[in-house]
Amino acid sequence: MEAIILIGAIVLVTLMGMRLIHRINARHDARIASHTFSDPMPGVGRRSRKRHRPPEDPSRPVDRG
């Protein structure tokens, strides 16, 4: 009889933990969905060149091959 109560308690605590994690994830998803990512911060996402190139001369022909 004690084993059945112990197994039931373990299952109950596991289900409560799963419900808590589910609620925390839902709250986090709602917080992410309400945040707008369309306004980039200045300088974020821009990669600097490793090698500085001189400006191209428009009178010089371009070699594409």
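Given the structure is predicted, the values throughout are model-derived calculations rather than measurements.

1. Quick notes on the overall build of the protein chain
If you tally the helices and strands in the protein chain, you get one helix and zero strands. Surface exposure of the protein chain reaches about 7400 Å², of which carbon and sulfur atoms provide 61%.

2. Considering a nonpolar patch on the surface
A cluster of nonpolar residues, Ile-7, Val-11, Leu-15 and Met-18, forms a patch on the protein surface that exposes about 400 Å² of accessible area. Mapped onto the elements of the fold, Ile-7 is located in helix 1 (residues 2–34). Judged by relative accessible area, Ile-7 falls into the exposed class, the value being 54%.

3. Thoughts on helix 1
Between its first and last C-alpha atoms helix 1 spans 48 Å; for 33 residues at 1.5 Å apiece the expected length is 48 Å, and the two agree. The buried fraction of helix 1 is low, at zero of 33 residues.

Rules used in this analysis
- Residues numbered from 1 in each chain as written.
- Predicted model: local features only at pLDDT ≥ 70, side-chain atom pairs only at ≥ 80, totals over all residues.
- Heavy atoms only, no water.
- Helix = DSSP H or I, 4+ residues; strand = E, 2+ residues; numbered from the N terminus.
- Areas by Shrake-Rupley, 256 points an atom, 1.4 Å probe, with all protein chains shown as cover.
- Patch = residues over 30% accessible without salt bridge, like charges linked within 9 Å, V, L, I, M, F, W, Y side chains within 5 Å.
- Salt bridge = Lys/Arg side-chain N within 4 Å of Asp/Glu carboxyl O.
- Buried < 20%, exposed > 50% of the residue type's maximum accessible area, 1.4 Å probe, protein only.
- Expected span 1.5 Å × (residues − 1).

Interpretation note: all reported values are geometric properties and have no functional meaning in isolation.
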